[in-house]
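Structure at a glance
Take a look at the letters that make up each chain.
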Amino acid sequence: MDETAEHGDLPRQFVTFQVDGSLYGLPMAEVQEIIRMPTLVEVPHSPDVLRGIANLRGGILPVTSLRRSFGAEEQPTDEATRVVVVREPGVTLGFVVDRMGRVMTAEPQEIEPAPELTEGAEPSLLRGVVKRSDGMVLLLDAARLARMGTARRDAGEERPARAIGDVEADDPATQEELQLVSFVSADGEYAIPIAEVQEIVQLPPQVVRVPGAAVHVLGLMTLRERLLPLVSLRMLFGEASTEATGSARVLVISAPGQPELSVGLVMDSVKEVLRVPRAVVDPLPPLLSGARGLLESVCRLERGQRLVSILSVARLFEAGLMQSALEAAESGRDNEMTAKAHAATSGEEEQFVVFRLAREEYGIPIEAVQEILRVPDELTHVPQSPDFIEGVVNLRGSVLPVVDQRRRFALAEAGRNDRQRIMVLGIGNMRTGFIVDQVVEVLKIPLSAIEPAPVLSERQTGLVPRVANLAAARRMVLILEATRLLEAREIAALEAA
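Conventions used here
- Residues numbered from 1 in each chain as written.
- Predicted model: local features only at pLDDT ≥ 70, side-chain atom pairs only at ≥ 80, totals over all residues.
- Heavy atoms only, no water.
- Helix = DSSP H or I, 4+ residues; strand = E, 2+ residues; numbered from the N terminus.
- Buried < 20%, exposed > 50% of the residue type's maximum accessible area, 1.4 Å probe, protein only.
- Phe/Tyr/Trp six-rings, centres within 6.5 Å; stacked < 30°, edge-to-face > 60°.
- Pairing = 2+ DSSP bridges.
- Axes fitted to C-alpha atoms, helices over the stretch in contact; angles between N-to-C directions.

It is generally the case that most residues other than glycine have a negative phi and that most peptide bonds are trans. The backbone phi angle of A358 is positive, close to 55°, even though this residue is not glycine. Checked against the element boundaries, A358 lands in the loop between β23 (349–357) and β24 (360–365). Since its relative accessible area comes to 33%, A358 is described here as partly exposed. A positive phi angle, close to 50°, is found at R396, a residue other than glycine. Relative to the helices and strands, R396 resides in the loop between β26 (391–395) and β27 (398–404). The class for R396 is exposed, based on a relative accessible area of 61%.

Here it is, written out as structure tokens:
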């Protein structure tokens, strides 16, 4: 295919910038923002083009040097240095540039194929070139830049190791090293091997408390649609609890060999990623292993002036200290606390079909309702059918058993009227209709307004596990668990019939 034709689909606006005396451009649609040079944390064993990682509004931003990418000599940053933040599928990247240019508009016919030989960027990194009277603008391909960093890492081009602490060697890169995530809790600095840290996230503003949990269990949060129990390191070490600040972070760890058993350790702040020679790490005798034997070694940095205690993830789980947290997560699932935890961190809604029986309003998740029918003048009664079946109706050639929900709830019988409806639900392998007094509406309810129903009886807890408290409307909706509307023996009887 002709490359010039391919460029006809490229965006016409480009953000331009200078690197090592040449002018480059990226499609404006791919540029998320432009920021000043942030504080960077160097990452051990990263690609040589990576300057480090930075915090961008709570997220981790890898920052790549375009000078290194183009084989140019690195230079100190100054007031003109900027980082162009680009969003690629699945990742956000920052590219360090010498100074910004302007926003350039180019017609499709102005964009020519990239030349085979250019100063600066390799031709494989270019998606085209625009020639103007005042110079040439080389159009970069951000996706190829990102892949180039990965390829160099895979090829083994990594940064030389740095000696840390008070160990000296002719070749620090040859020392056996540990990579640690260090953090602060109370007045102490601690660390966990980076291989045992799944991820680091911000502590949400609200955490769902779990009644009866151990004192060090703060509660639950949601992390990508799953419940994550939170454990306070302060409380675990017997320190006084304090109000969480904006620097508080959650280190997600899991039981050795069981990644599904995850717990979030809450600490005051994350400090840095350390890369230390094993020679500066000393094992601790049991007498000095700290709170509950959780510390396994200590790291001597800055010629012994800075001591970092290394936590044992295995001992955290072996000592049973995480058991209460894991049980809290399981309890949260069993008691429908997932919705409440979700509301605390995401502010989402849930949709319900709301109907009325007598004076009360009930809700069923909309995905459980297959359709809603008018009640026929007469239901067909089937001899020897289960006693909870009011009758059957013909639904497009299929027999639909119908249950009178008033009778199921021991409410007074009501005569047939035009407002009554049959709600068709799928329960077990059967479709079943339930007669209700009136279908009121389809209602979106914020998860923050939904809470567990008070436990009054075992059957009630299963049937009505949650309540939507719509205080502003002075309205309360009892949320039903559709699968509990019929008991197991009744479902079996229906399937047999």
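Considering all chains together, one arrives at 5 aromatic pairs under this definition. On the numbers, 6.5 Å between centres and 25° between planes, the contact of F17 with Y24 is stacked. Residues F17 and Y24 agree in their burial class; the two are buried. Three or more aromatic residues link up through ring pairs in this structure, and these residues are F17, Y24 and F70.

Time to look at the sheet that holds strand β22 (residues 306–311). The strand order across the open sheet formed by 6 strands is β19-β12-β13-β22-β21-β20, and the pairing between neighbours is mixed. In the strand order of this sheet, the two ends are held by β19 (269–277) and β20 (281–283), each with one partner. Looking at each pair of strands side by side, their axes are set apart by 35° on average, direction ignored. Summarising the sheet, β20 and strand β21 (residues 295–301) pair through 3 bridges and their orientation is antiparallel. Paired with D282 across the bridge in β21 is V298.

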